[in-house]
Amino acid sequence: MKKLYIILLGLLALSSCTTGTDEPLPLPEVKPNLYMATEGLTGCPETIYNLYGDTVYQCEDAESSISSLVAEGLDWYALIIRGDGAYNVVKNGKSIYLTGETIHCFTVENGSIYTVQENKVSNTTWVCKDFERIHEVVGAVLYNNFSVDHGNVTMAIYYEPEYWYNGEFIPIEGLEGRIEKVYGIDKKGDDMLITYQDNNTGTDMYWWNGVTHEFPEGFIPTTSCIAKGHYFVLGRMMTTLGGHGSQWLPHGLPWLIMDGYEEVLSTKTIDFEAAQLVELDGTTYILVKSLRGATSYIFRGFQLLDLPTVEIPDKIKPYYSYYKDGKVNLSDMGIKCIAVGANQ
């Protein structure tokens, strides 16, 4: 395994870390506006918390679901799927857009909200800016992932070695094979990263600035992104760590590939995967999720972040009596997605 610390000296400003550790990292004196959307406890609506343990937002009912979370500056945004199937965009706790169309993608850039929306009545799909249609999406576009950079929208194309860019189909030079599905696509200026599954072989691969790369044996990607000119591919590495009797069982460890170098985030988080990376002022925050339960962790750089505890609502405390003092740590509440805004 290539150790990531070989290049850390040159990337300290980006990752703000040393090599990984399983000891929780104390919160900095100046806390970033790190938002965490949780599945919550049984019978309670999904909730967004901050690093102080404060409730930032709670869904109206237990049937609603937080689909994604974005922060920019001092503002935060959430995409909520309501119990009746409607999609609700919330800004700083207030609903700003409600639609019966399916919203597949959602992000914010310079205060503008970008979505990919499908109207199943007219059977059309559109890229929207501030909920106004700007590009119709036609052809075999994989619109479960997109990237927005200076108002330009990029998506991958099914089967063909091309990408969709503001309505145009652009060939991908150097991409070997054809795209079956895409785990992540990101375009920042002249840099471009696509993590995908090859249609012919079923092999997971990634393409970075003209060169196709294969993953190390046992690596399963979840997503990928570009931050400060460096590329990150997140996922899990399948390995045999132990078993029962003479049988050795495969386990997943949260794994990260950065600029071609590989590193495990934690050897104690067995059957976990790295699921999301966000960045603020050169510091990365990585969400790690369990494959078998609700437990989740956040790493600042490559160090485990100490998360706050929150009060269990009185009406369900009898069902969670095994938690000390009637409080539960956010790590046990199933963190679904994270976002980071300007420092407080």
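Just so it is clear, the structure is predicted and the values come from calculations on it, not from any experiment.

Colleague: I'd love a proper account of the overall build of the protein, names of residues and values included.
Modeller: From N to C terminus, the protein includes 1 helix and 31 strands. Evaluated residue by residue, the protein yields a buried proportion of 53% over its 344 residues. Taking the contacts inside the protein whose residues are at least 6 apart along the sequence as the reference set, 43% of them involve residues at least 24 apart. Accessible area for the protein stands at about 15800 Å²; split by element, carbon and sulfur atoms hold 47% of it.

Colleague: I'd love a proper account of the packing of aromatic side chains, names of residues and values included.
Modeller: All chains considered together, the criterion is met by 13 aromatic pairs. When the centroid spacing of 6.0 Å and the interplanar angle of 55 degrees are considered together, the rings of Y320 and Y322 count as tilted. Residue class for Y322 comes out exposed when judged on its relative accessible area of 58%.

Colleague: Give me the lowdown on the sheet that holds strand β6 (residues 75-81), citing residues and values where you can.
Modeller: Spatially, 4 strands are ordered β5-β6-β7-β8 in an open sheet, and the strand pairing comes out antiparallel. The strands lining the two open edges of the sheet, one partner per strand, are β5 (65-72) and β8 (94-99). For this sheet, the mean angle separating the axes of adjacent strands, direction not counted, is 20 degrees.

Colleague: Just give me the short version of the confidence of the model for the protein, but keep the residues and values in it.
Modeller: Low pLDDT means the predicted coordinates in that region are not meant to be read closely. Taken as a whole, the protein shows an average pLDDT of 88; of its residues, 88% reach a score of 70 or greater. This model gives residues 1-20 a pLDDT under 50, and the stretch forms 51 contacts once residues within four places in sequence are excluded.

Colleague: So what's going on with the side chain of D271? Which residues, and what values?
Modeller: Here D271 is to be found in the loop between β24 (261-264) and β25 (272-280). In this structure D271 comes out as buried when scored by relative accessible area, which is 9%. A polar contact of 2.7 Å, which involves the side chain of D271, links it to the side chain of R292.

Colleague: Go over empty space enclosed by the protein with me, naming the residues and quoting the values.
Modeller: Per the counting criterion, the structure on display carries 1 cavity of 30 Å³ or more. Taken as a whole, the largest cavity spans an internal volume of roughly 40 Å³. Around the largest cavity, the lining residues are Y57, C59, E60, S64, I80, R82 and N88. Of the residues that constitute the lining of the largest cavity, the class distribution is 3 nonpolar, 2 polar and 2 charged.

Colleague: Before we move on, can you summarise the nonpolar core with the specific residues and values?
Modeller: A general tendency of soluble globular proteins is for nonpolar side chains to be buried together. Formed by 24 residues in total, the largest nonpolar core has its most connected members in L34, M36, I298, L307 and I338. Every element with two or more residues in this core is listed here: β2 (32-38), β25, β26 (283-290) and β31 (335-343). It is β31 that provides the largest number of residues to this core, a total of 3 residues. Look past the residues within four positions of L34 in its chain and what remains in contact with it is Y49, N50, L51, Y285, I298, L305, I338, A339 and V340. Listed in part, the 15 residues of the second largest apolar core include L234, L265, F302 and L304.

Colleague: So what's going on with the pattern of salt bridges? Residues and values would help.
Modeller: Inspection of the entire model under this criterion finds 9 salt bridges. With a shortest N-O distance of 2.5 Å, D84 and R82 are connected by a salt bridge. Given the relative accessible area of 25%, R82 is considered partly exposed. E273 serves as the salt-bridge partner of R236, at 2.7 Å between the closest nitrogen and oxygen. With a gap of 37 residues between them, R236 in strand β22 (residues 230-244) and E273 in strand β25 connect regions that are remote in the sequence. Taking relative accessible area as the criterion, E273 reaches 15% and is therefore assigned buried. Through salt bridges with shared partners, a single ionic network connects E311, D314 and K317.

Rules behind the numbers
Per chain, the residues get numbers from 1 upward, laid out in the order the sequence is written. Given that this is a predicted model, residues contribute local features only at a pLDDT of at least 70 and side-chain atom pairs are listed and counted only at 80 or more, while totals for whole chains, interfaces and linings are drawn from all residues. As a rule here, side-chain values come from all non-hydrogen atoms in the structure, and water together with hydrogens is ignored. Helix and strand assignments follow DSSP, with helices taken as H or I runs no shorter than four residues and strands as E runs no shorter than two, numbered in order from the N terminus. Note on exposure labels: buried denotes an accessible area under 20% of the residue type's maximum, exposed denotes more than 50%, and partly exposed covers the range between, all computed with a 1.4 Å probe on protein chains only. Note on contacts: a residue pair qualifies if any of its non-hydrogen atoms lie within 4.5 Å across the two residues. To measure how exposed things are, a 1.4 Å probe is used in the Shrake-Rupley method; for residues, cover is taken only from the protein chains shown. Any pair of Phe, Tyr and Trp rings, taking the six-membered ring for Trp, is counted once the centres come within 6.5 Å. Such a pair is stacked with planes under 30 degrees apart, edge-to-face with planes over 60 apart, and tilted for the rest. Only strands joined by at least two bridges in the DSSP assignment are considered to pair. Working convention: axes come from line fits to C-alpha atoms, limited for helices to the stretch in contact. Angles between N-to-C directions cover 0 to 180 degrees. For every residue, the predictor states its confidence as a pLDDT score lying anywhere from 0 to 100. Whenever two N or O atoms come within 3.5 Å, that pair is a polar contact, provided that in protein one can donate a hydrogen and the other can accept it, and provided that, for residues adjacent in sequence, both atoms are side-chain atoms. Using protein atoms alone on a 1 Å grid, points that fit a 1.4 Å probe yet trap it form a cavity, whereas open point sets bounded by protein on both sides within 12 Å along at least five of seven lines form a pocket; residues with an atom within 4 Å of a point count as lining. Grid points are joined across faces, edges and corners, and a volume is the space filled by probe spheres set on the points. Gly counts as polar in this scheme, as do all residues outside two lists: the nonpolar Ala, Val, Leu, Ile, Met, Phe, Trp, Tyr, Cys and Pro, and the charged Asp, Glu, Lys and Arg. Side-chain atoms within 4.5 Å link the members of a nonpolar core, which is a set of buried Ala, Val, Leu, Ile, Met, Phe, Trp, Tyr and Cys residues. A pairing counts as a salt bridge when a side-chain nitrogen of Lys or Arg comes within 4 Å of a carboxyl oxygen of Asp or Glu.

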